[in-house]
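Structure at a glance
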Amino acid sequence: MSEDFFDKPFDEETHQKLQLFSNYIEKWLPVFLSTRYPRPIRIFDFFAGVGTDSNGAYGSPLLILKHLQNYNDLVSDSKVPITVFLNDRNKEYCDRLQANVDKVGYNTEKVNVIISNKDFSEAFELARADFIDSANLIFLDQFGVKYVDKSLFRFLVKLKFTDVIFFVSSSTFNRFSEHESIQPILELTTEEIKKHPPSKIHRAVTEKYQSFIPDGAQYCIAPFSIKKESNVYGLIFGSGHPLGVEKFLDICWDQDKQRGEANFDIDGENIDEGAPSMFEDMNRPKKILVFEKELESKILSRELRTDRDIFLYAINRGFINKHIEPVIEKLKQEKRIELKQPSFRCNTVWKKEREPRPVEVLR
Ligand SMILES: C[S@@+](CC[C@H](N)C(=O)[O-])C[C@H]1O[C@@H](n2cnc3c(N)ncnc32)[C@H](O)[C@@H]1O
């Protein structure tokens with residue numbers, strides 16, 4: 001990617017990235033726009049660009065405004081301040097962005113759009129105080145890898161009511177892992193990188209970020225790998241709230257029906273749904289088979305004792321209710337467990353007044 005990025009049409013992979021982002025905002029906004037939600041809403045797009053490609057396709061800042069416009073009834077009824085903060089270090093881009101924002105318009109009575117022309121580090125520093133006590137969605141669509149380093153990530157993990165989506169050009173770590181400007185970013189070692197084939201580098205990078213989450217913190221990250229020719233890059237989503245994680249995973253599984261994590265066959269299994277194999281298990285991605293086995297064993301060994309334990313276990317591994325339910329159904333039919341009125345959707349499992357439902361292991 002280069003800085004003439006906006007003077008040509010976005011490529012297919014950029015559209016895929018933006019689709020994930022757009023789908024997430026669409027699910028995120030109504031939760032916080034609900035009249036019952038008390039906190040100010042702040043959406044930060046720190047690498048905003050100009051707003052469109054050369055064909056007028058919307059980039060992230062205009063997607064944010066489009067979704068706010070789609071929810072204009074909720075926006076109009078909202079009792080809390082709504083701020084959209086758009087930053088880019090390129091002055092000309094900011095001017096073009098301002099013109100694009102004016103062109104698409106937004107509810108100026110309710111929404112405050114701030115366009116800032118600063119280097120990321122300065123813009124982020126100035127925004128730090130604004131992250132406190134609001135519901136935040138932070139999008140970090142950097143070129144490359146350098147801005148979301150270990151220390152920034154650790155800071156993000158500590159923020160409350162904050163979901164983060166960031167871009168990482170993961171193949172860079174494959175190519176330049178030892179380079180003095182790349183090595184300090186995540187301290188990824190050559191051994192850690194070599195554990196994964198190049199096509200899975202975004203998984204390796206995600207595991208590294210995972211290792212920066214303090215022990216005991218309830219924080220979950222989920223990757224989506226995007227391959228373009230031989231390069232792999234992707235998004236990483238992070239949230240301290242299971243509801244956010246579930247939403248992002250739902251979107252990933254919609255986009256990648258087989259493995260929920262890439263725009264290509266990341267495990268190289270060549271499963272052809274149109275021409276299934278005679279062996280049933282060969283028609284199903286191995287990662288799902290492994291998950292089902294592990295889930296079953298953890299339930300039967302009583303490591304997972306309630307529907308909430310099961311739900312959390314699943315989303316931390318990138319799986320959602322549609323993967324949990326068949327395992328539970330099978331165990332119930334085999335009369336190995338009893339579990340009354342379970343739920344594996346976050347907004348039920350997490351209802352304040354609802355106690356987690358215990359799993360009774362029968363044999
Ligand atoms: C990948 S583009 C963002 C695309 C945008 N999210 C969209 O969907 O249209 C990255 C943007 O980051 C800006 N940028 C690069 N380095 C930056 C920095 N250090 N601080 C702020 N902006 C930066 C570039 O000018 C560019 O517009």
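Our structure is the block above this text.
What comes next concerns the included structure. Think of each chain on its own: its residues are numbered from 1, step by step along the sequence as written. Per-residue local features are limited, in this predicted model, to residues with pLDDT of at least 70; the limit for side-chain atom pairs, both in listing and counting, is 80 or more; totals at the level of whole chains, interfaces and linings are taken over all residues.

**Details of the sheet that holds strand E1 (residues 41–45)**
- The pairing criterion is simple: DSSP has to find at least two bridges between the two strands. Note on conventions: DSSP H or I runs of at least 4 residues are helices, E runs of at least 2 residues are strands, and numbering of each starts at the N terminus. Pairing is mixed in the open sheet, where seven strands are placed in the order E3-E2-E1-E4-E5-E7-E6. Single-partner strands in this sheet number two, and they are strand E3 (111–116) and strand E6 (220–228). Adjacent strand axes in the sheet meet at a mean angle of 10 degrees when their direction is disregarded.
- Taken together, the six bridges between strand E5 (residues 162–168) and strand E7 (residues 231–239) define a ladder with antiparallel strand orientation. Across the sheet, residue Asp-163 finds its bridge partner in E7, namely Ser-239.
- Running over the sheet, helix H1 (residues 12–33) touches E1, strand E4 (135–140), E5, E6 and E7 and is turned about 155 degrees from E6.
- Working definition of a contact: two residues with C-beta atoms, positioned from the backbone, lying within 7 Å. Every axis in this analysis is a line fitted to C-alpha atoms, fitted for helices over the stretch in contact. Angles between the N-to-C directions lie between 0 and 180 degrees. Each of E1, strand E2 (82–87), E3 and E4 is contacted by helix H2 (residues 60–70), which is oriented at about 155 degrees to E1, the strand it contacts most.

**Here's the deal with the nonpolar core**
- Among the nonpolar cores identified, the biggest contains 90 residues, and Leu-140, Phe-166 and Ile-315 are the most heavily contacted of them.
- Per-element accounting of this core gives the leading share, eight residues, to H1.
- Note that the domain bounds reflect an automated or database-derived domain assignment. Counting only domains with at least three residues in this core, you end up with domain 1 (5–255) and domain 2 (281–361).
- Those residues within four positions of Phe-166 in sequence are excluded, and the remaining contacts are Leu-140, Val-148, Leu-235 and Ile-236. For this analysis, nonpolar core means a set of buried Ala, Val, Leu, Ile, Met, Phe, Trp, Tyr and Cys residues linked through C-beta atoms within 7 Å. Working definition of burial: number of other C-beta atoms within 10 Å of the residue's own, with buried at 20 or more, exposed at 12 or fewer, and partly exposed in between, all C-beta atoms being placed from the backbone.

**Quick notes on the site of the ligand**
- Working rule for contacts: place C-beta from the backbone, and if it is within 6 Å of a molecule or strand, that residue counts as near it. Taken together, 18 residues lie near the ligand, and Phe-47, Gly-59, Ser-60, Arg-89 and Phe-120 sit nearest.
- In the scheme used here, Gly and all other residues not listed as nonpolar or charged are polar, with Ala, Val, Leu, Ile, Met, Phe, Trp, Tyr, Cys and Pro taken as nonpolar and Asp, Glu, Lys and Arg as charged. Of the residues assigned to the shell around the ligand, the class counts are eight nonpolar, five polar and five charged.

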